[in-house]
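# Architecture and fold: a report
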Amino acid sequence: MENSKNYHDVQNNLNTLKMREVANTLPSFCKDFFRGIQEYTSSRTRLAYAYDLRVFFEFIHTENKSCSHLEITEFPLSILDQITREDIAEYLDYITYYIKDGKEYSNNERGKKRKLSALKSFYNYFFCAELIKTNPAALVPLPKQHEKEIIRLDADEVAILLDQVEDGEKLTKTQLRYHNKTKIRDVALLTLLLGTGIRVSECVGLDIDDVDFKNNGIKIRRKGGYETVIYFGEEVAEALCDYLEKRCHMIPLEGHENALFLSMQNRRITVRAVENLVKKYTSNVTGLKKITPHKLRSTYGTALYQETGDIYLVADVLGHKDVNTTRKHYAALEDNRRRMAAKAVQLREK
């Protein structure tokens, strides 16, 4: 059951419990690492590290003869000094594609980069603490990641999407049965995502009290755990007002009274549910790009940058800690702006 105090605190507690569960399958010295990084990492990051380290140690246990005679939980810290750069390179090759318990797993450059980054942090922690003598993970370069073009909606596609949410014209008969019950909520939710660029996790974590119509702002909790206020325009305000009129007549389940967006079961809506409703409204529309909630965020970021030309503002509003992350995503737009400079200055009248 969701604790009524704060959605994000509840998620952090759940992540922490899950991380401890995974940590119990790892060598005991791993717990020192998780305690050591607790102050500057999120619970979600630590859980991801735990999963990634489990894949690594399972590989070492299976493939490294010097480790196979021990259970993973019995590995001593000294085993880290026995692992070589070649072992880690073979591990990266292994996770490209492997089968575990009859299930297939694969990792592209992005997945490999994440898993190697976890291993680098892990080794670096013990190396800097002078508890191990070698740091082979530092010798393995991160895989080069090929950047994909960001998929975003054009202005006419945004209108098509919102029209579809309102009228449900392309929905199946089964979907239409529930459409009248969820339409106002879905319009408000998607308008909010498109009009602010907030993450889905930030959206589902919103409480009613986080919405401030006096200043047209919402208080959100960012990935790093800090709170900030994001402002919205009149279209978002109107959609939220329409939804809140209906929301005040709904009776949430115990523990979900504060949630802004509720599911059909009157629980706080989940990230997965938002992903599914975006898919529902876009999958049957001819010519519309394959859209995920994150692409709605990219759509907002693109529109904001095109209107302002201020990459620092875009980084701030989207919650990017490093402006270079934003610049990398919107490099093509920056290049187009620079190309405009070639025509902007005329040296002699023709």
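Numbering of residues begins from 1 in every chain and follows the order in which that chain's sequence is written. Local features in this predicted model are restricted to residues whose pLDDT is 70 or higher, and side-chain atom pairs enter the listing and the counts only when it is 80 or higher, whereas totals over whole chains, interfaces and linings include all residues. To obtain the side-chain values, all non-hydrogen atoms of the structure were used and water was disregarded.

## Brief notes about the sheet that holds strand β3 (residues 211-212)
Whether parallel or antiparallel, the strands of a sheet pair through hydrogen bonds between backbone atoms. Rules: Any two strands are treated as partners once DSSP identifies two or more bridges connecting them. Only DSSP runs of H or I reaching four residues or more are called helices, and only runs of E reaching two or more are called strands; each is numbered from the N terminus.
The strand order β3-β4-β5 describes an open sheet built from three strands, whose pairing is antiparallel. Looking at which strands have only one partner, the edges of the open sheet turn out to be β3 and β5 (227-231). Bridge count for strand β4 (residues 217-221) against β5 is five bridges, and the pairing is antiparallel. Residue pairing for β5: R221 is matched across the bridge by E227.

## Some details on the pairing of strand β1 (residues 97-100)
When β1 meets strand β2 (residues 103-106), the two strands line up antiparallel, connected through four bridges. Bridge pairing in β2 places K100 opposite K103. As consecutive antiparallel partners, β1 and β2 are separated by two residues, and within that stretch D101 has a phi angle of approximately 50 degrees, a positive value.

## Examining the environment of T282
Mapping T282 onto the fold places it in helix α10 (residues 271-283). Along the chain, T282 and I160 lie 122 residues apart, while their C-alpha atoms are 9.3 Å from each other.

## Here's the deal with the pattern of salt bridges
The condition is simple: One speaks of a salt bridge when a side-chain nitrogen belonging to Lys or Arg is within 4 Å of a carboxyl oxygen belonging to Asp or Glu.
Across all of its chains, the model carries 12 salt bridges by this definition. Between E202 and R199 there is a salt bridge, with the nearest N and O atoms lying 2.8 Å from each other. E275 is the salt-bridge partner of R272, the closest N and O atoms lying 3.6 Å from each other. In this pair, R272 and E275 are both assigned in helix α10, three residues apart and thus about one turn of the helix distant.

## Quick notes on helix α1 (residues 7-23)
Side chains that are three or four residues apart share a direction in an α-helix, a result of its 3.6 residues per turn. Filter applied, for reference: To estimate how far a helix should reach, multiply one less than its number of residues by 1.5 Å. Residue contacts are counted whenever heavy atoms from the two residues lie within 4.5 Å of one another.
Between its first and last C-alpha atoms α1 spans 24 Å; for 17 residues at 1.5 Å apiece the expected length is 24 Å, and the two agree. In the core, the buried residues of α1 are packed alongside α2 (30-36), α3 (43-63), α8 (200-204) and β4.

## Quick word on the packing of helix α11 (residues 293-308) against helix α12 (residues 311-318)
This is how the line gets drawn: Interaxial angle, 0 to 180 degrees, is taken between N-to-C directions of lines fitted to C-alpha atoms, where a helix line uses only the stretch in contact. Working definition: roughly parallel below 35 degrees, roughly antiparallel above 145 degrees, roughly perpendicular at 65 to 115 degrees, and oblique for all remaining angles. We call a crossing left-handed when the near helix sits turned anticlockwise from the far one by less than a right angle, and right-handed when that turn is clockwise. Throughout this entry, Asp, Glu, Lys and Arg are counted as charged residues, while Ala, Val, Leu, Ile, Met, Phe, Trp, Tyr, Cys and Pro are counted as nonpolar. The remaining residues, Gly among them, count as polar.
Closest axis-to-axis distance for the α11/α12 pair is 9 Å, and the angle between their directions is 150 degrees. Viewed along their axes, α11 and α12 adopt a mutual orientation that is roughly antiparallel. The hand of the α11/α12 crossing is right-handed. Residue-level contacts link R297, Y300, G301, L304, Y305 and T308 of α11 to I311, L313, V314, V317 and L318 of α12. Its residues assigned to classes, the contact of α11 with α12 comprises eight nonpolar, two polar and one charged.

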